[in-house]
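Listed below, chain by chain, are the residues.
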Amino acid sequence: MSSQAKKMFRRQLLSYVALLMIPPASALTHPEQITLAPPLMLSPLICKGQIQLAQEQSLVKDEKHLIPHSHAGFITVDEKLGNHLFFWFFPSTSGPESPLVVWLNGGPGNPSSLGLLNENGPIRPLNDSYASRIISWTQTMSMLYIDNPVGVGYSYSDSGVSGYRKDQDGYSKDLYEFIEQFYLLFPEYLNRDLYIGGKSYAGNYVLAFAHRLHLEIKAGRSIIRLAGIYIGGPSFDLHNQALASTDYWLATGAISKKQATEQKRRVVELFEEFKQNQFNFRSTDELYPRLIVHKGRVFYNFANNYYSGEPQVQTFAEVEGLMNSIPMRNLVHVGDREYLFIDSPVGSYLVQDFMSSSTSKLATLLEEKYKVLIYTGDLDALISPAMVDAALLSMKWSRRQEYQDSKRSVWWGGNGNDELFGFYSRVGNLCQVVIKGAGHSAGHDQPGRVFEMMNLFLQQGCIGV
C-alpha cells in the first residue's frame, strides 16, 4: 500500500470509527476525561517469584460478564532495550486437559487482537462495545494471543524504533523469552501440549518461533511440550508463492493470460534485484505494487475476503476502536500505551525478512515429527491454495516426492455428514486443508468449519484418520 493509499485508508478507518461512535485514540488520553492506571508490567513480579500476585493483578475483570476468565498484561522480553510484549490469555472453558494454543497475526503490523476479535476469540466487536461469540476456540483450547513483534498493537519498546526487530532471529528471540516467562507465570501449563500458530505473514513468525523453541528443547534448555504448529493462509516463501499468485486471479477471470505472464516477469525481476543487492524498498508497503496486478480497492478489499467483498476497513475500524476504548484499556491493563495497528511502522524494519523463505525451518519441524497443519480458504485471493502448494513443492524434505504424488480427499461434515466442508491431504505429519467458502480470514468466514478442523488436528493430526 503506497503512502497515499495508506493515508486514504486511514481516513476511511477514522470515518468508520466515528460512525460506530467509538472514540479515536487521540481522544482517550486527556487527563480531564479519565485517569488510567499505568501499564501492568508482570516480569518484575515473575522475577521475584510473586506468581500469585502477578496472576491476580493480570485478571481481566469484566463487569458485564461477557469476557470469560482471562489474564492480560505485559512481559518484558529484552531488559536492555526495554522490549515489552502484550498478551491476552484465555484458559479453556473445557477443563484442565486442553492444549495451550498460541495465536499470532501477520501483516506485518497486525496485532493478534485482530484474530481474537474477528476470527476465533470469545468476544467480538458490537457497536461501541463487545458481545460473546457463539463459536470460540476457547471452548476446547487455552488461547494465548500475543501482539508480535514489538511495535504492533500494545507491544512496545522503551528504546522506540531502535528496539524494533528486523529479522527472524530478533523476533523469535523475543517470543522465546516471552513463552519461558509465561510458563513461570502459569506453571500448570507445562504438562500440556503447546501448539504455535497464526495467520498470513505470521507464517514466518510461527516457523521462526517454533524452530527456535525446538532447538532449545533439543539442547536440553527447555522442557516445554511443543507438539505442533498450524498456519492459515500463510506467507512463508514469498518468491515461489508470488510466482504462483496469478493462478487464482487468472482462474477467476480477474486478469488475462498476458497480465499473468507480465506479473510473473515482474516477480522474477524483483527477486533478481534482491539477489543482486539492488533492493531499495523502504517498507513492505512499497513492495506490494510489485507483487499484485490490481491495486487499490480491488485488491485490498477483495483479496482479503474475495468471496464476499466485505471491506477490511470496517473490520479494522471495529477492532481498533474497541481496543482503544477506555473500558477496554482498563480491562486489559495497558494504561495510556498507544495501540499501533494501521499506523504501525514495523513493515519498514522487516523488508529483508519479508523477502526471505522459512521453508527450511518448516522442513526441520516436519522431519522432527511435529504435527503441522496448513490451511487456506478456497476463495482466498491473497494467499491461495495454489500459492501454498508452490511453496510446499519447492521445499526440500524427505517426503517431497510423496507430497508431489498426493491427492486431495473430500471433507464432508455437518449433522448428516452431507455438507461439503472442503478438501484435505495428509502426508506423514503434514496436514493440508482447503476450506470451502472461506477467504483469507477463514475463521471469520467459516467459523464452524475452522473450529472443527482445529479440533480434529489437535486430536488426530488431520481431518481423516
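What counts, and where the lines are drawn
- Residues numbered from 1 in each chain as written.
- Predicted model: local features only at pLDDT ≥ 70, side-chain atom pairs only at ≥ 80, totals over all residues.
- Heavy atoms only, no water.
- Helix = DSSP H or I, 4+ residues; strand = E, 2+ residues; numbered from the N terminus.
- Buried < 20%, exposed > 50% of the residue type's maximum accessible area, 1.4 Å probe, protein only.
- Contact = heavy atoms within 4.5 Å.
- Areas by Shrake-Rupley, 256 points an atom, 1.4 Å probe, with all protein chains shown as cover.
- Expected span 1.5 Å × (residues − 1).
- Disulfide = S-S within 2.5 Å.
- Core = buried A, V, L, I, M, F, W, Y, C linked by side-chain atoms within 4.5 Å.
- Axes fitted to C-alpha atoms, helices over the stretch in contact; angles between N-to-C directions.
- Parallel < 35°, antiparallel > 145°, perpendicular 65-115°, else oblique.
- Left-handed = near helix turned anticlockwise from the far one by under 90°.
- Arc of directions from axis to C-beta.
- pLDDT = per-residue confidence, 0-100.
- Pairing = 2+ DSSP bridges.

**Remarks on the overall build of the protein**
Each helix and strand in the protein was counted, giving 19 helices and 13 strands. When burial is assessed residue by residue, the protein has 58% of its 465 residues classed as buried. Taking the intrachain contacts of the protein between residues at least 6 apart in sequence as the baseline, contacts between residues at least 24 apart amount to 73%. Surface summary for the protein: the accessible area is close to 19,000 Å², and the carbon and sulfur share equals 51%.

**As for helix H5 (residues 168–185)**
Taking 1.5 Å as the rise per residue, H5 with 18 residues should run 26 Å; its terminal C-alpha atoms sit 25 Å apart, in good agreement. In terms of burial, H5 is largely enclosed, as 13 of its 18 residues are buried.

**So, the state of the cysteines**
Considering all chains together, one arrives at 1 disulfide under this definition. At a sulfur-sulfur separation of 2.1 Å, the disulfide partner of Cys 431 is Cys 462. Because the torsion about its S-S bond is 70°, the bridge between Cys 431 and Cys 462 counts as right-handed. You can see Cys 431 sitting in strand E13 (residues 430–435) and its partner Cys 462 sitting in the segment after helix H19 (447–460), a full 31 residues away along the chain.

**Quick look at the nonpolar core**
One finds Leu 144 and Leu 362 to be the most contacted residues of the largest nonpolar core, which totals 79 residues. Beyond its immediate chain neighbours, meaning those up to four positions away, Leu 362 contacts Leu 207, Ile 229, Phe 236, Val 372, Ile 374, Leu 392 and Met 395. With 52 residues, the next largest nonpolar core counts Val 60, Val 332, Val 450 and Phe 451 among its residues.

**Re the packing of helix H6 (residues 202–218) against helix H15 (residues 359–367)**
To describe two helices that pack against each other, one gives the angle between their axes and the distance between the axes. Interaxial distance between H6 and H15 falls to 9 Å at its minimum, and their mutual angle equals 50°. The orientation of H6 with respect to H15, classified from their angle, is oblique. Regarding H6 and H15, the two cross each other, and that crossing is left-handed. Residues Leu 207, Ala 208, Ala 210, His 211 and His 214 of H6 pack against Lys 361, Leu 362, Thr 364 and Leu 365 of H15.

**With respect to helix H9 (residues 257–275)**
With 19 residues, H9 extends 27 Å from end C-alpha to end C-alpha; this agrees with the ideal 27 Å at 1.5 Å per step. Those residues of H9 not exposed but buried are Ala 260, Gln 263, Val 267, Leu 270 and Phe 271. One face of H9 carries all of its buried residues, which in axial projection span an arc of 90°. Turned more than 90 degrees from where H9 packs its buried face, Lys 257 and Lys 258 sit exposed. Positive phi appears at Asn 277, one or two residues downstream of H9, with a value of about 60°.

**Thoughts on the confidence of the model for the protein**
Counting all residues, the mean pLDDT for the protein is 87, and 86% of those residues have values of 70 or more. Across residues 1–32 the pLDDT falls below 50, and counting only partners more than four positions away or on other chains, this stretch makes 49 contacts in the model.

**Thoughts on the pairing of strand E11 (residues 409–413)**
Pairing of E11 with strand E12 (residues 419–427), which is carried by 5 bridges, proceeds in the antiparallel orientation. Paired with Trp 412 across the two strands is Leu 420, which belongs to E12. Two successive antiparallel strands, E11 and E12, enclose a turn made up of 5 residues, where Gly 414 displays a positive phi of approximately 90°.

**Digging into the side chain of His 440**
Positionally, His 440 belongs in the loop between E13 and helix H18 (442–445). Note on His 440: relative accessible area 5%, which makes it buried.

**Brief notes about the environment of Ala 386**
Of note, Ala 386 is situated in helix H16 (residues 385–394). According to the relative accessible area criterion, Ala 386 is partly exposed, its value standing at 26%. Along the sequence, Ala 386 and Gln 241 sit 145 residues apart, while their C-alpha atoms lie 8.1 Å from each other. When near neighbours in sequence (up to four residues on either side) are disregarded, Ala 386 contacts Ala 244 and Asp 247.

**A short note on unusual backbone geometry**
The residue after Gly 107, namely Pro 108, is reached through a cis peptide bond having omega -5°. Residue Pro 149 is bonded to the preceding Asn 148 through a cis peptide linkage, with omega at -5°. Locating Pro 149 in the fold gives a position in the loop between strand E6 (142–146) and strand E7 (156–157). In this structure, Ser 200 takes a positive phi of about 65° despite not being glycine. Inspection of the secondary structure assignment puts Ser 200 in the loop between strand E8 (194–199) and H6. For Asn 417, which is not a glycine, the phi torsion comes out positive at approximately 55°. Of note, Asn 417 is situated in the loop between E11 and E12. On the basis of relative accessible area, Asn 417 is assigned to the partly exposed category, the value being 49%.

**Digging into the pairing of E6**
The side chains of a regular strand alternate between both faces of the sheet. Burial analysis of E6 places 5 of its 5 residues in the buried class, the great majority of the element. Bridge count for strand E2 (residues 83–90) against E6 is 4 bridges, and the pairing is antiparallel. Across the sheet, the residue bridging to Phe 90 is Met 143, located in E6. Note: strand E3 (residues 100–104) against E6, 4 bridges, orientation parallel. Of the residues in E6, the one forming a bridge with Leu 100 is Ser 142.

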